[in-house]
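Results of the structural survey
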Amino acid sequence: MNPPGLAGAVLDWLLESDPSVRWQALRDLTDAPPEVVAAERARVTVEGWGAQLLAARDPDGRWAGGACFPATDWSRENEHQPWTATLPTLDLLRLLGLDPDSPQARETVALVRQNCRWEYDDLPFFDGEVEPCINGRTVALGAYFGEDVEVIVRRLLDDQLDDGGWNCWAETGSTRSSFDSTINVLEGLLTHQRATGGTPESAAARRRGEEYLLERSLFRRSSTGEPVKPEYLTFAFPPQWHYDVLRALDYFREADRPDERLAEAVALLRARQQPDGSWPVEHTHPGAVHFALEDRTGTPSRWHTLRALRVLRWYDQASG
């Protein structure tokens, strides 16, 4: 079904979707009572996309037999990265809103803790590895599902670069931060702070990382003012490890960090809204997936529409 143009009708269109979209639309775009939101969220475990992902899990708690990559052979040179292993699948379940206290989530996370190890140095999953983009996502997962990830948080604080951000290539000598690495770490540190209270050091590191993005209007080079990459101006869900402007705006909404330097990115977001009130599918990161969440490029996207509307609702309220 294509979404009608009226705001109420767009909301109805979102509420006709998978439970993972419905509960977030109820929470973020309506005044639904908490018990109604919680009841809808509980359905993620047993219906739709959440249930399908849980059903695809291996008996040992992993997906596709691997941590970041499937155990089956694939060519890094000739194939796109698959998104079917444990890290991207568990992260997608987090984004869908799987209740971390549900029996299915608790069983899965316990098995991951016991059986899943990184391809790098065979390290335990919740001890992290060396790349900040992977470690940031792992901190988000550990904090969300109640696992101890303090050792990874400490490493991320040590890995912060002088310009305020992070870069997965710092290990090989890079001294300039990456938008991609930085957003993954910021999301992880925010989730960790919400779950544990964090520390003054982690809060300060997150603030510096936010400044790195804000000083660049969320998508511009500090040196020339030009957009860093065209891909940052197109939206994708799930984002995997990639950065884009909508992902960054949704982070600042979640962090409740209004700032006048968000204005240009917000204007870009408004300009992408279609006459029917939706935002379209713009890009899907190539690589094998368990199943598609959206239709083809150019069709209305419930995920983009949900996230864009909640960003604009927050931004307009904060600005007013």
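**Some details on the packing of helix H9 (residues 179-196) against helix H11 (residues 245-255)**
For the pair H9 and H11, interaxial distance at closest approach is 11 Å and the crossing angle is 20°. Considered as vectors, H9 and H11 are oriented roughly parallel to each other. In terms of crossing hand, the pair formed by H9 and H11 is left-handed. Only Arg247, Ala248, Tyr251, Glu254 and Ala255 of H11 make contact with H9, whose side of the interface consists of Ile183, Asn184, Leu186, Glu187, Leu190 and Arg194. Of the residues belonging to the contact of H9 with H11, the class tally is six nonpolar, one polar and four charged.

**Overview of the confidence of the model for the protein chain**
Taken residue by residue, the protein chain gives an average pLDDT of 94. The fraction at 70 or more is 96%. Low pLDDT, under 50, characterises residues 1-6; the stretch is placed with 15 contacts to residues that sit more than four places away or in other chains.

**Some words on the side chain of Ser20**
Mapped onto the secondary structure, Ser20 falls in helix H2 (residues 19-29). On the basis of relative accessible area, Ser20 is assigned to the buried category, the value being 0%. Separated by 2.7 Å, the side chains of Ser20 and Asp18 make a polar contact.

**A few points about H9**
With 18 residues, H9 extends 26 Å between its outermost C-alpha atoms, agreeing within 8% with the 26 Å of an ideal straight helix rising 1.5 Å per residue. The element H9 is largely enclosed, with a buried count of 14 among its 18 residues. The residue sitting at the N-terminus of H9 and contributing the capping side-chain oxygen is Ser178; that oxygen lies 3.1 Å from the backbone nitrogen of Asp180. Backbone geometry just downstream of H9 places Gly197 in the positive-phi region, at approximately 95°.

Procedures and definitions
Residues numbered from 1 in each chain as written. Predicted model: local features only at pLDDT ≥ 70, side-chain atom pairs only at ≥ 80, totals over all residues. Heavy atoms only, no water. Axes fitted to C-alpha atoms, helices over the stretch in contact; angles between N-to-C directions. Helix = DSSP H or I, 4+ residues; strand = E, 2+ residues; numbered from the N terminus. Parallel < 35°, antiparallel > 145°, perpendicular 65-115°, else oblique. Left-handed = near helix turned anticlockwise from the far one by under 90°. Contact = heavy atoms within 4.5 Å. Nonpolar A, V, L, I, M, F, W, Y, C, P; charged D, E, K, R; others polar. pLDDT = per-residue confidence, 0-100. Buried < 20%, exposed > 50% of the residue type's maximum accessible area, 1.4 Å probe, protein only. Polar contact = N/O pair within 3.5 Å; in protein donor to acceptor, adjacent residues only side chain to side chain. Expected span 1.5 Å × (residues − 1).

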